Amino acid sequence: MQEMKLGIVGCGIISEAYLLGAARSRIVAVKSVTDINPDAAKARAEAFGVAAVGFEEMLADREIDIVVNLTVPQAHAEISHRALAAGKHVYSEKPFAVTYAEAREMVQAATARGLRIGSAPDTFLGAGHQTVRTLVDEGRIGKVVAGAVTFATPGMEMWHTNPFFFFQRGGGPVLDIGCYPITQLVNCLGPVESVVAHASKGRETRVVTTEPHNGREIRVEVPTTVNGALAFRNGANIAFTASWDVWKHTRQPIELYGTEGSILNPDPNFFGGTVKVSAKSGDWQEVSISGRPFGAPNRELRNGNRVADYRMAGVFDMAAAIRAGRPHRASGEMALHVLEIMEGLERASAEDRRIPIESTCERPAPVLPGDGEEVFL
Ligand SMILES: NC(=O)c1ccc[n+]([C@@H]2O[C@H](COP(=O)([O-])OP(=O)(O)OC[C@H]3O[C@@H](n4cnc5c(N)ncnc54)[C@H](O)[C@@H]3O)[C@@H](O)[C@H]2O)c1
């Protein structure tokens, strides 16, 4: 069967992972790439044997089925809207948009045109997180009543080549990285009803320590530490910490506490990892994640750790879903709900009150052992 054709907009750091992912896929193929910086598009086009084109040319190309939006967050809504208006399905990097209102318009525009819209994060499709989903669905820890999320690092200015956007409106640790654990929580527990939070800025300015902007000062416009709580519709009460003000800590990425035991969920920034479960206060038992797609380590991090990183699984799933006429898992509805939760955390602090969450979404279908074939076909 012919692959679905992709056009990639935005040829920065993350585009390499998408182009590598597409090159391994039998369900999608990249036809062209574009960027407001033509040199960036040219470099990726030459490296991967695809065409570098202007955005208008990409939109006018009738062969392109899905536009993959890998621009900076501040450009996501405009690029996605223009692609939808040109009749393309859209898959966006996270955050889906900078505001909930913008994202809602995008979902409405896609629905009105009968087009698919999806968004990263897609890490919840990974073997580690799907194993946790199965444990929760099977009731291994009874009813999940509480939990805790921690994502805390020193920041972005010491590794990213162009870290300025992370500290502007549309950046910050909640929008940048909070979507990973929140998406996994919604995958396991369903939608959120309301949030509370306290947000702060560790520093007013930061200094870039990587090339090419080494030594330049960044003015911090957004909170860099957010502590909050998510009240899920199913009754679970989950503590949430996202921070770029932390050098070192000992907290787990996601812990779920149930009436019959606890689960340790691996880092939701990646697809695999170690899953552990306890029966009540018994010892932690490791649960195998093998036999499911998107779990085997395939990438080495700067610190030497090997991780499973299958960014683009959400695009594969969307392409397979379009073919099969079923809902895609990394859906616009879920991304919209997650964005409202993230915006709610910042508003809860700024307005010093509990913020009700109006949107909702269905939990995506689980990825079960054996489902990989369908996604990779
Ligand atoms: N870098 C990562 O590890 C990583 C991981 C996961 C997700 N993401 C997300 O992916 C997105 C891109 O991140 P990145 O790290 O690749 O950033 P980047 O700054 O390296 O690349 C962004 C690219 O988009 C281009 N661009 C900006 N506005 C545009 C527009 N209007 N039209 C066309 N091109 C435009 C820029 O010229 C640049 O080449 C962000 O939303 C980010 O949150 C990044």
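Residues numbered from 1 in each chain as written. Predicted model: local features only at pLDDT ≥ 70, side-chain atom pairs only at ≥ 80, totals over all residues. Heavy atoms only, no water.

S.K.: Looking at this structure, I do not really get the packing of helix 7 (residues 172-189) against helix 9 (residues 332-350). What am I missing?
M.R.: For any two helices packed against each other, one specifies the crossing angle of their axes together with the interaxial distance. Two elements in contact, helix 7 and helix 9, have axes separated by 9 Å at closest approach and are oriented at 125 degrees. With respect to helix 9, the axis of helix 7 lies oblique. Judged by the twist between their axes, the crossing of helix 7 over helix 9 is right-handed. Here helix 7 contributes Val174, Leu175, Gly178, Cys179, Ile182, Thr183 and Val186 to the contact with helix 9, which in turn contributes Met334, His337, Val338, Leu339, Ile341, Met342, Leu345 and Glu346. Class assignment of the residues belonging to the contact of helix 7 with helix 9 gives a composition of 11 nonpolar, three polar and one charged. (Axes fitted to C-alpha atoms, helices over the stretch in contact; angles between N-to-C directions. Helix = DSSP H or I, 4+ residues; strand = E, 2+ residues; numbered from the N terminus. Parallel < 35°, antiparallel > 145°, perpendicular 65-115°, else oblique. Left-handed = near helix turned anticlockwise from the far one by under 90°. Contact = heavy atoms within 4.5 Å. Nonpolar A, V, L, I, M, F, W, Y, C, P; charged D, E, K, R; others polar.)

S.K.: Help me understand helix 5 (residues 100-113) in this model?
M.R.: Spacing of three or four residues puts side chains on the same side of an α-helix, whose turn is 3.6 residues. Taking 1.5 Å per residue as the helical rise, helix 5 with its 14 residues ought to reach 20 Å, and the 20 Å between its terminal C-alpha atoms agrees with that figure. Those residues of helix 5 not exposed but buried are Tyr100, Ala103, Met106, Val107, Ala109 and Ala110. The elements touched by buried residues of helix 5 are helix 4 (73-85), strand 6 (117-119) and helix 9. At the C-terminal side of helix 5, Gly114 shows a positive phi close to 70 degrees. (Expected span 1.5 Å × (residues − 1). Buried < 20%, exposed > 50% of the residue type's maximum accessible area, 1.4 Å probe, protein only.)

S.K.: So what exactly am I meant to see when it comes to the site of the ligand here?
M.R.: Residues in close proximity to the ligand total 23 residues, the closest being Ile13, Ile14, Asp35, Lys94 and His160. Here Ile36 contributes a backbone N or O atom positioned 3.2 Å from a nitrogen atom of the ligand. Between the ligand and the protein, one listed contact pairs an oxygen atom with a backbone N or O atom of Lys94 at 2.8 Å. For the ligand, whose unbound accessible area comes to 820 Å², protein coverage reaches 85%. (Near = heavy atom within 4 Å. Polar contact = N/O pair within 3.5 Å; in protein donor to acceptor, adjacent residues only side chain to side chain. Areas by Shrake-Rupley, 256 points an atom, 1.4 Å probe, with all protein chains shown as cover.)

S.K.: So what exactly am I meant to see when it comes to the side chain of Ser278 here?
M.R.: Tracing the chain through its elements places Ser278 in strand 15 (residues 275-279). For Ser278, the side chain forms a polar contact with the main-chain oxygen of Lys280, separated by 2.8 Å. Once residues within four sequence positions are removed from consideration, Ser278 is found in contact with Ile141, Glu260, Gly261, Ser262, Asp283 and Trp284.

S.K.: Help me out: how do you make sense of the nonpolar core in this one?
M.R.: Where a protein is soluble and globular, its nonpolar side chains tend to be buried together. If you look at the biggest cluster of nonpolar residues, it comprises 114 residues, and the most contacted ones within it are Val28, Leu189, Leu230 and Leu256. Ranked by residue count, the leading element in this core is helix 7, at 10 residues. Two domains share this core, each providing at least three of its residues, namely domain 1 (4-119) and domain 2 (126-290 + 330-356). Setting aside residues no more than four positions away along its own chain, Val28 makes contact with Glu3, Met4, Leu6, Ala22, Met312, Val315, Phe316 and Ala319. (Core = buried A, V, L, I, M, F, W, Y, C linked by side-chain atoms within 4.5 Å. Domains from an automatic or database assignment.)

S.K.: I tried to follow the pairing of strand 4 (residues 66-69) on my own but got confused; where do I start?
M.R.: Along a regular strand, successive side chains alternate from one face of the sheet to the other. Residues Ile66 and Val68 line one face of strand 4 and the alternating positions Val67 and Asn69 line the opposite face, and both faces are buried. When strand 1 (residues 4-9) meets strand 4, the two strands line up parallel, connected through four bridges. Pairing of Val9 across the sheet is with Asn69, part of strand 4. With four bridges connecting them, strand 4 and strand 5 (residues 89-92) associate as parallel partners. Paired with Ile66 across the bridge in strand 5 is His89. Note that the unit made of strand 4, helix 4 and strand 5 has a crossover that is right-handed. (Pairing = 2+ DSSP bridges. Right-handed = clockwise from strand over helix to strand, strands pointing away.)

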